[in-house]
Protein chains: 4
Amino acid sequence: MSRAPNTWIITAQCPSRIGTVDVVTRYLRESECYITELNSFDDHETGQFYIRAEFRPGDGFDGGDFRDGFQPRAAGFDMQFDLTPPDYRPPVVIMVSKSDHCLNDLLYRHRIGQLNMDIRAVISNHPDLRELTEWHGIPYHHLPVSAETREQQEAQVWDVIQETGAELVILARYMQVLSPALCTRLEGWAINIHHSLLPGFKGARPYHQAYRKGVKLVGATAHYINNDLDEGPIITQGVEPVNHADYPEDLIAKGRDIECITLARAVGHHLERRVFLYAGRTVVFQP
Amino acid sequence: MSRAPNTWIITAQCPSRIGTVDVVTRYLRESECYITELNSFDDHETGQFYIRAEFRPGDGFDGGDFRDGFQPRAAGFDMQFDLTPPDYRPPVVIMVSKSDHCLNDLLYRHRIGQLNMDIRAVISNHPDLRELTEWHGIPYHHLPVSAETREQQEAQVWDVIQETGAELVILARYMQVLSPALCTRLEGWAINIHHSLLPGFKGARPYHQAYRKGVKLVGATAHYINNDLDEGPIITQGVEPVNHADYPEDLIAKGRDIECITLARAVGHHLERRVFLYAGRTVVFQP
Amino acid sequence: MSRAPNTWIITAQCPSRIGTVDVVTRYLRESECYITELNSFDDHETGQFYIRAEFRPGDGFDGGDFRDGFQPRAAGFDMQFDLTPPDYRPPVVIMVSKSDHCLNDLLYRHRIGQLNMDIRAVISNHPDLRELTEWHGIPYHHLPVSAETREQQEAQVWDVIQETGAELVILARYMQVLSPALCTRLEGWAINIHHSLLPGFKGARPYHQAYRKGVKLVGATAHYINNDLDEGPIITQGVEPVNHADYPEDLIAKGRDIECITLARAVGHHLERRVFLYAGRTVVFQP
Amino acid sequence: MSRAPNTWIITAQCPSRIGTVDVVTRYLRESECYITELNSFDDHETGQFYIRAEFRPGDGFDGGDFRDGFQPRAAGFDMQFDLTPPDYRPPVVIMVSKSDHCLNDLLYRHRIGQLNMDIRAVISNHPDLRELTEWHGIPYHHLPVSAETREQQEAQVWDVIQETGAELVILARYMQVLSPALCTRLEGWAINIHHSLLPGFKGARPYHQAYRKGVKLVGATAHYINNDLDEGPIITQGVEPVNHADYPEDLIAKGRDIECITLARAVGHHLERRVFLYAGRTVVFQP
């Protein structure tokens with residue numbers, strides 16, 4: 001499951017057509033790349049094709065040349081592709097409010113190198129999580145927000161994202177609804193954790209909703225954000241059994257672990273280029 | 001977890017008040033009953049109290065006398081109670097349509113004595129499952145239904161339930177919406193299996209809904225029926241991971257096992273008197 | 001996950017070497033086969049390579065020609081490969097003793113077409129499961145066995161396997177230890193279900209061992225048989241939580257479902273050619 | 001599940017005898033204590049009885065008087081009992097080596113008040129985890145150990161335990177085998193996390209053992225320590241699916257979450273007085 005050192009990743013998707021696998025694998029062979037793991041899937045409902053390969057390059061391999069060489073072949077299939085080097089460690093911005101369990105979990109995994117990313121900043125609309133963040137040596141941006149100031153605050157948020165060069169934004173229990181404008185800008189590269197099994201219990205206080213409903217399972221859903229609140233494409237979901245003796249505060253406590261794990265898995269899959277987005281749904285090649 | 005031979009069950013609920021446990025346990029002691037398992041729970045949100053005890057009676061124990069003796073004490077607490085003898089094996093009617101996985105599963109558990117009930121009849125709006133049912137020596141009632149004939153058909157259904165003396169009705173993938181009148185009659189003693197994690201994906205074809213949504217988990221919910229479609233009090237829920245490669249027919253196939261297990265657990269809990277109903281939610285004392 | 005109609009499967013393994021993927025995918029392309037799902041894995045510990053592809057053939061595709069054409073290319077990589085047609089439905093023999101839950105489950109999945117196999121015979125050392133088997137229209141061979149008669153009985157077992165042309169033998173709770181000779185003959189194409197999480201609780205009465213140990217989880221392991229009792233390569237494992245109130249008979253009851261599901265998954269993976277055997281371990285390309 | 005404010009806990013166990021429940025519940029009633037949650041269990045294999053009650057005391061309740069008053073009644077049943085006040089927050093010592101995931105997890109839960117204990121010290125045979133520990137304001141004792149110095153080092157360990165008044169010792173991946181003398185002293189109040197599903201893969205490097213065996217599940221076991229290495233009474237177990245692509249380092253990474261959660265649950269159950277020890281096994285009244 002873990003990538004061996006010096007292993008590159010190529011991912012691609014395009015409309016279904018004969019030869020979509022061969023165009024990738026043959027080029028890898030011709031480039032003397034050794035494929036260590038390969039997955040492809042053809043969705044006969046949507047007519048879309050997806051492929052992901054991990055490979056060890058041959059001597060004198062040059063990513064730029066490889067990309068240039070593959071471009072015309074990919075074009076012939078309307079294929080969009082990405083090439084990810086072994087040392088890829090994208091800049092990331094995390095957004096939080098007051099709850100710190102997901103942040104604490106991400107910072108820990110980041111610190112031990114389990115999540116291969118470079119957290120450049122933590123943004124919060126509250127001051128509470130500064131100490132935790134700064135102990136990990138990461139800048140903390142306290143950007144308060146109100147109905148009146150949302151536009152300006154989101155402009156500040158966007159500045160931080162731009163300045164850090166973030167390629168991924170993680171909403172780790174950020175309890176503010178983003179404006180359509182910002183959602184549009186972040187579409188496809190911002191992951192949110194919602195503390196329910198979507199589509200159940202959208203919106204505010206899902207654990208209180210779950211308590212009133214009397215469910216016997218609670219869960220968490222990690223999804224890309226888009227312009228429909230809690231409706232973005234689902235990446236991972238996790239679940240936890242509960243019972244009649246669990247009051248809302250118990251559901252909140254029991255839910256923490258599964259929120260952390262579900263978000264961390266989604267982020268890991270994203271970083272490892274295992275997630276493909278198409279038509280409001282995801283294809284995830286499990287490790 | 002399994003009841004020892006000659007073990008009775010007493011269950012009770014009433015408004016929260018000091019002494020609710022003692023009124024039960026003291027009477028059991030005075031009656032020289034030996035408690036093998038006891039659970040009580042006081043819900044501070046609803047102010048309702050629940051208790052369940054399994055016990056071995058003393059010599060010369062008589063259920064009727066025990067009941068009569070406890071009645072006045074219970075009355076002092078507005079306590080409703082039930083006494084269940086060791087050999088309790090209630091008459092049950094199962095309703096199905098064409099899908100046979102839940103029926104097959106229930107008939108199997110019934111045959112090996114895992115579910116302590118006496119299946120007196122299977123009712124279906126289709127002829128398909130007659131052979132399976134009759135091989136188990138159980139009468140099969142084919143009662144076709146249409147929009148026009150629903151009232152008459154439900155009258156026939158009710159006749160079967162009455163004639164068999166059924167104390168529990170199991171809707172094991174019965175794909176017809178019951179009339180409010182029949183729902184009201186069955187409230188609290190009819191268990192339905194819905195093939196989604198309620199409240200997500202209510203109504204028709206939940207696996208197709210789940211596919212379109214792109215969820216990464218599917219599930220099943222066993223609940224008592226009431227007058228709100230798929231809104232009755234939840235007894236048990238089960239879940240199964242799925243992925244992008246699962247088309248609706250795959251979700252249907254993957255869901256079968258969890259539907260069977262979730263329904264069987266709910267029925268087992270009901271038969272063992274582990275389920276309490278109050279204000280649209282359940283209290284379930286897990287084995 | 002389910003195979004589309006007219007979809008073939010090619011599986012192959014060989015020592016790791018550059019070009020192992022390309023030799024398969026290029027040939028598929030040249031044969032105008034359309035790959036709908038592809039998985040490959042290179043094990044850098046063992047230096048062994050594994051690949052599985054589902055594909056829709058082009059017009060006038062002939063399996064024999066395809067095989068012949070690929071043979072020399074495969075030979076260049078010391079590659080062993082299998083080609084599985086869409087209508088592949090191998091003859092299977094099931095062996096049981098007295099417990100019927102796994103048999104009942106397999107017969108049900110067989111009947112509804114969930115497991116794509118042709119059960120030709122059920123062999124048992126007891127008469128008990130004849131009626132269940134024959135209701136499904138499958139011949140039942142009662143072959144009693146004792147320490148003295150084991151050799152003759154196994155000869156009879158082997159005759160049945162031979163006569164039915166079985167390509168898979170399923171030990172669905174067959175409670176006899178097979179002789180080394182028979183194990184050797186069945187190595188790689190006989191799947192056994194053991195009712196514990198191997199390597200824990202090998203041998204007899206694992207649920208009683210688990211009870212004495214006071215574990216909080218019980219499980220089941222489906223594995224290929226070999227000459228080491230309960231030591232064969234593991235295909236799938238399943239688990240179920242238990243607690244202090246579960247006596248051995250409760251563990252047995254709670255374990256039934258997970259035994260059935262674990263065995264059925266292993267059989268399904270085997271039939272779909274998702275399982276590869278190498279050096280006492282398995283590679284399983286999950287659906 | 002969470003205790004309401006001002007809720008006490010009484011736990012007791014004794015040999016099975018009629019009246020064991022009543023002696024507790026009647027006394028609670030006479031003391032005008034209101035029982036909010038009650039569980040009792042009678043083990044017919046061992047002939048041992050267990051009871052746990054959470055209760056709100058009446059006005060002017062005095063723990064000492066309550067204890068004194070119950071003592072003679074308990075004595076009549078050879079009943080050992082404990083009374084736990086609402087503000088009970090026992091001193092705890094955590095022992096670690098170099099792996100920090102369980103420590104990080106416990107410190108986090110401690111910080112947010114999810115685990116109701118007072119961590120007085122962290123002891124390690126390595127210096128690595130000092131910074132993490134001290135950031136949480138907890139003293140760190142680096143006590144190196146070698147085969148030669150074990151006796152002296154354990155004497156120092158015992159001094160820390162004594163000085164802190166620890167009532168619970170948590171071995172959060174402490175990778176040293178304790179001497180029989182120290183095990184005996186800690187028996188029943190020291191919880192260890194072992195990174196396998198015991199009794200499978202005892203001893204060193206269980207994930208490497210699991211990899212070689214080719215299991216499809218890895219797990220963790222939290223247990224009380226005793227004089228048999230990895231043989232102590234099991235409190236909780238957790239499990240995580242793995243596959244052929246998981247090398248030992250992947251199993252180690254995948255196992256971290258389940259180790260943390262399994263240990264935290266065991267500690268929580270212990271702190272909430274839900275765990276009873278008898279004859280090498282545990283009774284755990286689940287929340």
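- Per an unreviewed UniProt entry, chain A carries the name Formyltetrahydrofolate deformylase and comes from Natronocella acetinitrilica.
- Under the Pathway (unreviewed entry) heading, UniProt states for chain A: "Purine metabolism; IMP biosynthesis via de novo pathway; formate from 10-formyl-5,6,7,8-tetrahydrofolate: step 1/1."
- Heading Sequence similarities (unreviewed entry) of the UniProt record for chain A holds this comment: "Belongs to the PurU family."

Observations regarding the interface of chain C and chain B
Moving on, step 1. With 27 residues of chain C at the interface, the matching set in chain B holds 27 residues.
Moving on, step 2. Taken together, both faces of the contact between chain C and chain B bury some 2300 Å²; the carbon and sulfur share is 43%.
Moving on, step 3. In this assembly, chain C and chain B are joined by six salt bridges.
Moving on, step 4. Note that B:D257 and C:R109 form a salt bridge whose closest N and O atoms lie 2.9 Å from each other.

Focus on the UniProt feature "active site" (unreviewed entry) in chain A
Moving on, step 1. Sequence positions flagged by UniProt for "active site" (unreviewed entry) are, in local numbering, A:D230.
Moving on, step 2. Note on placement: A:D230 falls in the loop between β10 (217-224) and β11 (234-241).
Moving on, step 3. Beyond its immediate stretch of four places on either side in the chain, A:D230 contacts A:N192, A:H194, A:L198, A:K202, A:G203, A:H223 and B:K213.

Some remarks on the packing of aromatic side chains
Moving on, step 1. On inspection of all chains with the given rule, the structure shows 54 aromatic pairs over all chains.
Moving on, step 2. Between the aromatic rings of D:F55 and D:F61, the centroid separation amounts to 6.0 Å while the plane-to-plane angle is 65°, which identifies the pairing as edge-to-face.
Moving on, step 3. Its relative accessible area of 0% is what places D:F55 among the buried residues.
Moving on, step 4. Here the aromatic residues A:W8, A:Y27, A:F55, A:F61, A:F66, A:F70 and A:F81 are joined through ring pairs into a cluster of three or more.
Moving on, step 5. A cation over a ring is seen here: A:R281 above B:Y211, with NZ or CZ 4.2 Å from the ring centre.

Description of the sheet that holds strand β7 (residues 140-142) of chain B
All names here are of chain B.
Moving on, step 1. As summarised here, the arrangement of the seven strands in space is β7-β6-β5-β8-β9-β10-β11, forming an open sheet in which the pairing is mixed. In the strand order of this sheet, the two ends are held by β7 and β11 (234-241), each with one partner. For this sheet, the mean inter-axis angle between neighbouring strands, taken without regard to orientation, is 15°.
Moving on, step 2. Bridge count for strand β8 (residues 168-171) against strand β9 (residues 190-194) is three bridges, and the pairing is parallel. In the strand pairing of β9, L171 is matched with N192.

Side note on the UniProt feature "domain: Formyl transferase N-terminal" (unreviewed entry) in chain A
Moving on, step 1. With numbering matched to this structure, UniProt assigns "domain: Formyl transferase N-terminal" (unreviewed entry) to residues 92-267 of chain A.
Moving on, step 2. As annotated, residues 92-267 of chain A has a helix share of 38% and a strand share of 23%, and its two end C-alpha atoms lie 10 Å apart.

A short note on the environment of A:N104
Moving on, step 1. Tracing the backbone shows A:N104 in helix α3 (residues 101-111).
Moving on, step 2. Residues A:N104 and A:E151 lie 47 residues apart in sequence; the distance between their C-alpha atoms is 28 Å.
Moving on, step 3. If sequence neighbours within four positions are ignored, A:N104 has contacts with A:L132, D:N104, D:Y108 and D:R111.

Here we look at the interface of chain B and chain A
Moving on, step 1. At the junction of the two partners, chain B supplies 33 residues and chain A supplies 32 residues.
Moving on, step 2. Here chain B meets chain A over a buried area of about 2900 Å², counting both sides, of which 59% is carbon and sulfur.
Moving on, step 3. Among the residues chain B hides against chain A, the three largest losses belong to B:K213, B:H244 and B:R281. Together they make up 24% of the total.
Moving on, step 4. Between the two partners, chain B and chain A, sit two salt bridges.

Notes on the environment of A:H136
All names here are of chain A.
Moving on, step 1. Within the secondary structure, H136 is located in the loop between α4 (130-135) and β7 (140-142).
Moving on, step 2. When neighbours within four sequence positions are excluded, H136 is seen to be in contact with L107, Y108 and R111.
Moving on, step 3. Separated by 3.1 Å, the side chain of H136 and the backbone oxygen of L132 make a polar contact.

Side note on the relation of the copies chain C and chain B
Moving on, step 1. Note on the identical chains: chain C maps onto chain B by a rotation of 180° and an axial translation of 0.0 Å, with an RMSD of 0.0 Å. Taken together, the rotation angle and the small translation identify this as a two-fold axis.
Moving on, step 2. The fraction of interface residues of chain C whose copies in chain B are also interface residues reaches 100%, indicating that both copies meet through the same surface.

Digging into helix α7 (residues 206-213) of chain D
Moving on, step 1. A large share of α7(D) lies buried, amounting to six of its eight residues.
Moving on, step 2. D:G214 lies just past α7(D) and shows a positive phi near 75°.

A short note on the confidence of the model for chain A
Moving on, step 1. With 99% of its residues at a pLDDT of 70 or more, chain A has an overall mean of 95.
Moving on, step 2. Among the scores for the predicted complex, ipTM is 0.94 and pTM is 0.96.

Some details on the pairing of strand β1 (residues 8-15) of chain B
Residue and element names in this part refer to chain B.
Moving on, step 1. By the criterion of burial, β1 is predominantly enclosed, with seven of the eight residues buried.
Moving on, step 2. The pairing of β1 with strand β3 (residues 48-56) spans eight bridges and is antiparallel. Following the sheet pairing, W8 is matched in β3 by F55.
Moving on, step 3. Inspection of the sheet shows β1 paired to strand β4 (residues 80-84) by five bridges, in the antiparallel sense.

Focus on the relation of the copies chain B and chain A
Moving on, step 1. Overlay of chain B on chain A (RMSD 0.0 Å): rotation 180°, translation along the axis 0.0 Å.
Moving on, step 2. Interface overlap between copies is the fraction of interface residues in one copy that are interface residues in the other; for chain B against chain A it reaches 97%, indicating a shared surface.

Things to note about the side chain of A:S97
Residue and element names in this part refer to chain A.
Moving on, step 1. Relative to the helices and strands, S97 is located in the loop between β5 (91-96) and α3.
Moving on, step 2. You can call S97 buried: its relative accessible area is 3%.
Moving on, step 3. Excluding residues within four positions of it along the chain, S97 makes contact with S124, N125, H126, L129, R173, Y174 and M175.

Description of the pattern of salt bridges
Moving on, step 1. Evaluation of the coordinates by the stated rule reveals 68 salt bridges over all chains.
Moving on, step 2. The salt bridge involving C:E272 is made with C:R52; its shortest N-O contact spans 3.9 Å. In this pair, C:E272 is assigned in the loop between α8 (248-271) and β12 (275-278) and C:R52 in strand β3 (residues 48-56), connecting sequence segments 220 residues apart. Just as C:E272 is buried, C:R52 falls in that class too.
Moving on, step 3. With its nearest N and O atoms 3.7 Å apart, the salt bridge here joins D:E37 to D:R52. Here D:E37 is found in strand β2 (residues 34-43), whereas its partner D:R52 is found in strand β3 (residues 48-56), with 15 residues between them in sequence. A single burial state applies to D:E37 and to D:R52, both of which are buried.

About the thresholds
Residues numbered from 1 in each chain as written. Chains lettered and ligands numbered in written order. Predicted model: local features only at pLDDT ≥ 70, side-chain atom pairs only at ≥ 80, totals over all residues. Heavy atoms only, no water. UniProt positions renumbered as here; feature names shortened; annotations may be inferred. Contact = heavy atoms within 4.5 Å. Buried area = accessible area lost by both parts, 1.4 Å probe. Salt bridge = Lys/Arg side-chain N within 4 Å of Asp/Glu carboxyl O. Helix = DSSP H or I, 4+ residues; strand = E, 2+ residues; numbered from the N terminus. Phe/Tyr/Trp six-rings, centres within 6.5 Å; stacked < 30°, edge-to-face > 60°. Buried < 20%, exposed > 50% of the residue type's maximum accessible area, 1.4 Å probe, protein only. Lys NZ or Arg CZ within 6 Å of the ring centre and 35° of its normal. Pairing = 2+ DSSP bridges. Axes fitted to C-alpha atoms, helices over the stretch in contact; angles between N-to-C directions. Polar contact = N/O pair within 3.5 Å; in protein donor to acceptor, adjacent residues only side chain to side chain. Least-squares fit on C-alpha atoms with pLDDT ≥ 70 in both. pLDDT = per-residue confidence, 0-100.

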